[in-house]
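What the coordinates show
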Amino acid sequence: MAPDKFILAVLVSGQGSNLQAIIDSIEKNDLSAEIALVVSNVKDTYALERAHKHGLESIFLDPKSYPDRNGYEQALVERIQSKSVNLICLAGFMRVLGNHFIETFSGRIINIHPSLLPAFPGLRVQKRALEHGARFSGCTVHYVNEEVDGGPIILQTVVPIYDNDNEASLSKRILEQEHIAYPEAIQLIIEDRLTLSGRRVLHNK
Ligand code: GAR
């Protein structure tokens, strides 16, 4: 049975449109969750403003204030642990997380990525899909493991690539699908409908 309150932490670095999609789904009762904390590793992001507008606790945790990556991630771990978080959602969080963080929250971190993984991991992936001549791209929600953009795939949505697409138009169409896929994937986890089998994620009816 799903717990009464499923607690999310959302990690962001930019615009926060995926954060907004999660907030909207919660407010519409499509998602039975609560966001206990929004963390940005970048100052003054629009994502933080969105969190503030919705009365969510949010912090800018500055990587430059810590001597090294471990120190930064330990601070991140402590903030998140203090909120009894069930699931950590990376929503445009553009910082690679180290083993300590990933092991601490093993199986409880998910990410959204704007390509059909395992094609085009990394950065500027819409541009790379276009340059490669791919006819389809899309988005992937996946569990986070120590391999960058390499964890087990939860959901994917396919987006066609048109001859007149450019990076901006393709990114926009993919982002629209991200906003549907991310809350859907979170709800599957809340309802305990996913089973990991090797590196496959099976969806229970
Ligand atoms: C989204 O397209 C997300 O998939 C991507 O950053 C964008 C963030 O947009 N994430 C990655 O590329 C992670 N590898 P948002 O800040 O508006 O949600």
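See the structure printed just above.
Just so it is clear, the model here is predicted, and its values are computed rather than measured.

**A word on the overall build of the protein**
A count of helices and strands for the protein gives six helices and nine strands. For the protein, the C-alpha radius of gyration of 17 Å lies close to 17 Å, the compact-globule estimate for 205 residues. Over its C-alpha atoms, taken along the principal directions, the protein stretches across nearly 50 × 45 × 35 Å. In the protein, buried positions account for 48% of the 205 residues. Long-range pairs, those at least 24 residues apart, make up 62% of the contacts in the protein with a sequence separation of at least 6. Carbon and sulfur atoms make up 50% of the accessible area of the protein, which amounts to about 10600 Å² in all. Averaging the positions of the 21 positive and the 25 negative side-chain charges in the protein gives two centres separated by 3 Å.

**A closer look at the site of the ligand**
Around the ligand, the neighbouring residues are Gln15, Gly16, Ser17, Asn18, Gly92, Met94, Ile112, His113, Pro114, Asp149, Leu175 and Glu178. Asn18 places a polar main-chain atom, nitrogen or oxygen, 2.9 Å from an oxygen atom of the ligand. Glu178 has a polar side-chain atom sitting 2.7 Å from an oxygen atom of the ligand. For the ligand, the accessible surface in isolation is 450 Å², of which the surrounding protein chains cover 86%. Counting residues per element, the ones that place at least two in the shell around the ligand are α1 (17–27), β5 (109–113) and α6 (167–190). Across the shell around the ligand, the residue classes tally to four nonpolar, six polar and two charged.

**Let's talk about the packing of α1 against helix α2 (residues 46–53)**
Packing of α1 against α2 leaves a shortest axis separation of 9 Å and a crossing angle of 20°. As far as their axial angle goes, α2 and α1 are roughly parallel. Seen along the crossing, α1 lies across α2 with a hand that is right-handed. Mapping the contact onto sequence places Ser17, Leu19, Gln20 and Ile23 in α1 and Ala47, Arg50 and Ala51 in α2. Within the contact of α1 with α2, the residues separate by chemical class into four nonpolar, two polar and one charged.

**Quick notes on unusual backbone geometry**
Peptide bonds are, in most cases, trans, and in most cases residues other than glycine have a negative phi. Of the consecutive residues Leu117 and Pro118, the connecting peptide bond is found in the cis state with omega at 10°. The topology assignment puts Pro118 in the loop between β5 and α5 (125–132). Positive phi values are uncommon outside glycine, yet Asn29 reaches one of about 65°. As for its placement among the helices and strands, Asn29 is situated in the loop between α1 and β2 (34–40). When its relative accessible area of 68% is taken as the criterion, Asn29 is described as exposed. A positive phi angle is found at Asp149, which is not glycine, with a value near 55°.

**Considering the environment of Val141**
By the element assignment, Val141 lies in strand β6 (residues 136–143). With a relative accessible area of 0%, Val141 lands in the buried category. Val141 sits 43 residues away from Glu184 along the chain, and the two C-alpha atoms are 9.6 Å apart.

Cut-off values and rules
Every chain begins its residue count from 1, and numbering advances along the sequence as written. With pLDDT at 70 or above as the cut-off, local features in this predicted model cover only qualifying residues; side-chain atom pairs require 80 or more to be listed or tallied, and sums for whole chains, interfaces and linings still use all residues. The side-chain values count all of the structure's non-hydrogen atoms but skip hydrogen atoms and water molecules. Put simply, DSSP marks the helices as runs of H or I at least four residues long and the strands as runs of E at least two long, and each gets a number from the N terminus on. Atoms considered for the radius of gyration are the C-alpha atoms alone. The globule rule reads 2.2 Å times the number of residues to the power 0.38. Only protein chains enter the area calculation, which uses a 1.4 Å probe; residues under 20% of their type maximum are buried, those over 50% are exposed, and those in between are partly exposed. We call two residues in contact whenever any of their non-hydrogen atoms come within 4.5 Å of each other. Accessible surface is estimated by sampling points in the Shrake-Rupley manner with a 1.4 Å probe; for residues, cover comes only from the protein chains shown. We score Asp and Glu as negative and Lys and Arg as positive, and we do not count His or the chain ends. Where a charge lies is defined by one atom per residue type: Lys uses NZ, Arg uses CZ, Asp uses CG and Glu uses CD. Note on terminology: near, applied to a residue and a molecule or strand, indicates that one of the residue's heavy atoms is within 4 Å of it. Distance and chemistry together define a polar contact, namely a pair of N or O atoms within 3.5 Å, with one atom able to donate a hydrogen and the other to accept it when in protein, and with adjacent residues in sequence counting only for side-chain atoms on both sides. Polarity classes work like this: nonpolar for Ala, Val, Leu, Ile, Met, Phe, Trp, Tyr, Cys and Pro, charged for Asp, Glu, Lys and Arg, and polar for all others, with Gly in that last group. Helix axes use the C-alpha atoms of the stretch in contact, all axes being lines fitted to C-alpha atoms, and the angles between their N-to-C directions lie in the range 0 to 180 degrees. Comment on the angle field: the value is read as roughly parallel under 35 degrees, roughly antiparallel over 145, roughly perpendicular from 65 to 115, and oblique elsewhere. By definition, turning the near helix anticlockwise from the far helix through less than a right angle yields a left-handed crossing, and turning it clockwise yields a right-handed one.

The values are spatial; any link to function lies outside them.
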